[in-house]
Each structure stands twice: as structure tokens, then as C-alpha cells.
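Listed below, chain by chain, are the residues.
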Amino acid sequence: MSHQWWRDAVVYQVYPRSFADSDGDGMGDLPGITERLPYLRDLGVDALWLSPFYLSPQHDAGYDVADYCDVDPRFGTLADADALIARAHELGLKVLVDIVPNHSSNEHELFQRALAAAPGSPERDMYIYRDGRGENGELPPNNWTSIFHGDAWTRVTEADGSLGQWYLHIFDTTQPDWNWENPAVHELFAGVLRFWLDRGADGFRVDVAHGMAKPAGLPDATVNSAGLIDIPEGEVPIYFDNDGVVEIYQEWRPILDEYDGDRMMVLEAWIPEHRLPQYIGTDRAHQSFNFGFLQARWGVDTMRRAIEKPLELADAVDSPTTWVLSNHDVIRHATRYGFAPEHRFGEGLSREETPDAELGLRRARAATLLMLALPGAAYLYQGEELGLPEVADIPDELREDPAHTRAGVPGRDGCRVPIPWVHDAPAYGFSPTGASWLPQPESFGAVAADIQEGVDGSTLEMYRTALHLRRELRLGEHADGVAFVEDAPEGVLALLHGGVLVAVNTTDADVPLAELPGAAGLGVIAASGPVDADVIPAETAVWLREI
Ligand code: GLC
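Along every chain, residues carry numbers that run from 1 in the direction the sequence is written. Restriction of local features to residues with pLDDT of at least 70 applies here, the model being predicted, together with a cutoff of 80 or more for giving and counting side-chain atom pairs; totals for whole chains, interfaces and linings are based on all residues. Heavy atoms throughout the structure, all of them, feed into the side-chain values; hydrogens and water do not.

This part is about the site of the ligand. Near is defined per residue: the residue qualifies when any heavy atom it owns lies within 4 Å of the molecule or strand. The environment of the ligand is formed by 15 residues, the closest being Asp-60, Asp-207, Glu-268, His-328 and Asp-329. His-328 places a side-chain nitrogen or oxygen 2.8 Å from an oxygen atom of the ligand. Polar contact is defined as a pair of N or O atoms within 3.5 Å, subject to the rule that within protein one atom must be able to donate a hydrogen and the other to accept it, and that residues adjacent in sequence are counted only when both atoms are side-chain atoms. Within the side chain of Arg-412, an N or O atom sits 2.9 Å from an oxygen atom of the ligand. Only Asp, Glu, Lys and Arg are considered charged, only Ala, Val, Leu, Ile, Met, Phe, Trp, Tyr, Cys and Pro nonpolar, and every remaining residue, Gly among them, polar. Class assignment of the residues belonging to the shell around the ligand gives a composition of 5 nonpolar, 3 polar and 7 charged.

Encoded structure:
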């Protein structure tokens, strides 16, 4: 079999709202992304994944899709999407689009039709409508709660003006769940896949990939979850990870396989890692995010486990694992690592919380360097290559995350602040007019891409070096596996892979290199912080190799 590009690819997540704004309305757009594609090529990534840019009222930043086959005017036109894909391909970059099959927007034409139709009609059957409980149907059909807090059901007013049925929404009220028991929903999504494959998309990131299939009879839940991420064993809500979901990927895989060029899908499934392998295989999905690495606390044992276990699971399904540290749903890793170890990952950062920014960035850079040495695919989130922190100081009235509106949690806007490109330009180069849908903090000036470019030791140059070496040394490939160094000094995580000795000093004191078995005669080819010849500095990662 020829080499399948996704197996060891580095994929860069572009969040269209916040990447680059070409028309000056303060909201990023597709032409803005196209202009910046050479930056991604130079960074050394293989592909980009675009978060949703489809027609949407933006109640969940585009994850509420009103038309899966059209571009929202805020982001451009279908012709702009075509131009983006074509330019990316010219530059040797693959393009993944985000598919959101668990729910649509309530503004989707089919939901509007369902709303207008009578209970029991085929229109209603596209979504999950039920009668309420209680004498007059005044209680929701079951006790499920929304991931964004509050009830997972909303009652509708029927055509005759009476209070009527309820519809299910695992997320916001404006995001009704599709009824995947209905073959028409299957047909609809098969069409959506083909639409983007025909336009040249190289594959899909599948949103809430553990959703879709609901348990028969929609019984009450014994554990109800609020929050999307970090769901421990035994606490996965009843509406996730049901067996029927896998059948959907078994249906989709042959569609992708009809096309040339190794089209692929990567699943977003926040479920315990031992459940993931059942989703992966040559007759189902290609890969899934491995969130265990993102969730691993700083430390030798925790991080080692978060590497060993997925490697073992990946071997079993013959599909390399993936690595990810940040995305648009979690507190940016440069900030996360600056917190006490027990801190949560999601729901944002409040103004009162004061992580150690310097320590956070130091550890984040070390964790990234560790990640980029590992076999498998790696997913980066825009701005992490600049070392961007989570932004806490966003006025409440500008926050858009539905979880903030519904429950008052800070929410995820803090990791979605527009990218600083140019230190002394309006909106730091994000937008020609200086407009920005979320305010950028003053601290963004000092970390703008132009300030870091070509500067030895900057976070951007560390990413570039690591990505280029990773490609040159083929570190993404599995070949000879990963061997942990068992007798590394206390507090140092060390492993050998692809001829590189990778060592992370997780302690707050320098460790003499001479104490690291196997390091004699090797030289440092990449480092997450300044190194001198004799030590691995505190909270720093190094790559060592014969030079
Ligand atoms: C996924 C997305 C998240 C969105 C949710 C509902 O988890 O990553 O941003 O809010 O799905 O679509």
C-alpha cells in the first residue's frame, strides 16, 4: 500500500472566525486564510483542518449549521472555498473540512419544516421530537441535560398555537439533534460528504463523532453530564458512544474510498480511550483524536502513560494514533500548564484565575516538543505556534460561547481570540480596519508572528525547527517504535524514537546531561528553551542525536 498521508501528518486547525480577516469586518474569512497559506507551508505542516464556515446563525460559532453545502457570507462564497482548496493543494497542503452530523442549526430548512409540520409527520421524523411527560406534556420527555448546561429538550408551539412536543438538543437550544434512525438523514449526509469530496476536500474532521446514535427508547440517564471534555470512565452520558454510531462510519468509509488520494476522516470523540479502537479500521474511520495526551497532567508517569497506552491501542487497530494539546474547545495549553495540576481543561478561564504564565509557556513548549517527536499524526491549533495564552479578560457582553450565556461559565472564547500577525498594525494585522470580533489583549503585540519570525529561540521558530526535523527524520512514522529509557534521572521522561533521544525534564531544577543514559556523544538538535551543553534545564525538552 502506498504511504497514506494522514498516518503521520501534522494538521493545523484553522478557526476561520479568528485566523485572518480580509474584508475588515472583524470576522476572519476564507480569502484571509488563502492569503496566509504560505505561512502554513513555511511552518512545515502537511494539512489544515477548517472549523465550520458553512451558512450558520453562529449561535455556536458555526457548529450550528443551517446549510452544509454553502458558505456563510461572513466567511465568503463557495468560490472562495474552491480557491482556498486549490491554493492549498498548489502549496502541497491537504484540506480537511469539519462535518457536524449530530445536530444542525434550528435555522436549517429541514428543521423549519419539521417545526411547521404536525407531530408524527415525516418532517418531524428528521429530528428527535417526543411528547412531554406529565399530565399535559409539560415535562421534558426524559431527564437528559445539555452539554452546555440546562435541559436537553425544548418545547415547541404547534401550528394551532398550543404548546406541543419537545425536541432534543444535546447542545444549545438552537442545535436540534438529527434523528439517525431515519434513513433520510443517512442519505442527506452521504450527499454532504460527496459535495465536499467533489470540491477537492481531502477529508473530514467529524464533530461530536460519538453522538448521533441514541439509546433505544431514550431512557432517563443515571449520570448526566455538563461539559464536553474530560469525561471519566463511568460518566459518559447515555446519549454518547452507542454502538449504532460505528455503523455510520462503516457507511461513510466506502464513500471516501471511492475517491482517489486517500481521503480520510478523523473523529472528535470525548470518550475513554479504550473505547476508541472500535471506531477505527479499514472499514470505518481512519483515526480519532487521542485526547488522553491533552488531558495528561505534567509529570513523568502521567505523560508516559498518555503515550504508551494510545500507542498500544493503535497497534491493535493498525492505525497510528494522533496527538493534540490544544483546540478551540479547551483552555490553551500555554495557560493550562501554568495551573495547579488539578485544574480543569474546559469551560474557559475566569478573570479571577491567575495561572503562572511563564511556567505555563515553558511547559507547553516542552510538551509540544515531546509531542512532535512521537509517531502518528499531530494536530496543532492556530496560535499555539506563537505560544498564545488563553485570554481571560473578555467583557462578558462580548462572549459568544453558548455555555457562557446558558450557565455563566467563562466559556471557550478565551482560546478563540483573533491571531496577532503584525505587532504594530491595527488588530495586530488580523484585520485591515482594526476590527476584531473579540478584543485582543495588549500582550498580543509582543508575541505577534512578525516579532517571532527569524528570532532564535522564539516559540514560532521552535515549532518550525521541530516540524522540519520531524519531516526530515520521519519521526511521524512508526518504524522502530518508541523505547522509554527506564533508568532516566528522577523527574526526566526520556524515550528513543527514530534515532532521536527525547528527554523532558519535568522538574524545577536543571539535570546534568551526563546523568541521562545514552546521551553521551549526542548533540542537541532541538530544544524547547535555551540550553547549554551540560544540562537539560528545568521544565525543558530536548531532542538529542548524533551530529
Ligand atoms: C464540538 C465542537 C464544539 C461545539 C460542539 C457542538 O465539540 O468542537 O466547538 O461546540 O461540538 O457542535
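Moving on to helix α4 (residues 109-116). Within an α-helix, residues lying three or four positions from one another point in the same direction, as the helix has 3.6 residues per turn. Of the positions making up α4, those classed as buried are Leu-110, Phe-111 and Ala-114. Down the axis of α4, the sector holding all buried residues measures 100 degrees, keeping them to one side. Think of it in three bands: with a 1.4 Å probe and only protein chains considered, a residue is buried below 20% of the maximum accessible area for its type, exposed above 50%, and partly exposed in between. Numbering goes from the N terminus for both helices and strands, where a helix is a DSSP run of H or I of at least four residues and a strand is a run of E of at least two. To be clear, the arc concerns the directions from the helix axis to the C-beta atoms.

Counting buried residues along strand β5 (residues 94-99), 5 of its 6 residues qualify, which places the element largely inside the surrounding structure. Pairing between strands is defined by DSSP: at least two bridges between the two strands are required. As paired strands, strand β2 (residues 47-50) and β5 are joined by 4 bridges and run parallel to one another. Following the sheet pairing, Trp-49 is matched in β5 by Leu-96. Where β5 meets strand β9 (residues 203-206), 4 bridges bridge the pair, whose relative direction is parallel. Bridge pairing in β9 links Asp-98 to Arg-205.

A positive phi is found at Asp-241, a non-glycine position, where the angle reads about 60 degrees. Position of Asp-241 among the secondary structure elements: in the loop between β9 and α6 (244-257). Take Asp-241: its relative accessible area is 11%, and that puts it in the buried class. For Glu-539, which is not glycine, the phi torsion reads 50 degrees and is therefore positive.

Right, let's talk about helix α2 (residues 30-43) for a bit. Expected helix span is taken as 1.5 Å per residue step, with the number of steps being one fewer than the number of residues. Compared with an ideal rise of 1.5 Å per residue, which puts 14 residues at 20 Å, α2 spans 19 Å between its outermost C-alpha atoms and is within 8% of the ideal. At every residue, the bend is computed as the angle between two fitted axes, covering the seven residues ending there and the seven beginning there respectively. By the largest-angle criterion, Arg-36 marks the main kink of α2, which is about 45 degrees, and a proline, Pro-38, follows within four residues. Taken together, the buried positions of α2 are occupied by Leu-30, Gly-32, Ile-33, Thr-34, Leu-37, Tyr-39, Leu-40 and Leu-43.

Low pLDDT marks regions whose predicted coordinates should not be analysed in detail. On a scale of 0 to 100, pLDDT captures the predictor's confidence in every residue. The pLDDT averaged across the protein chain works out to 95; a share of 99% of its residues lies at or above 70. For the protein chain, the element scoring lowest by mean pLDDT is helix α11 (residues 402-407), at 92; strand β1 (residues 10-14) scores highest, at 99.

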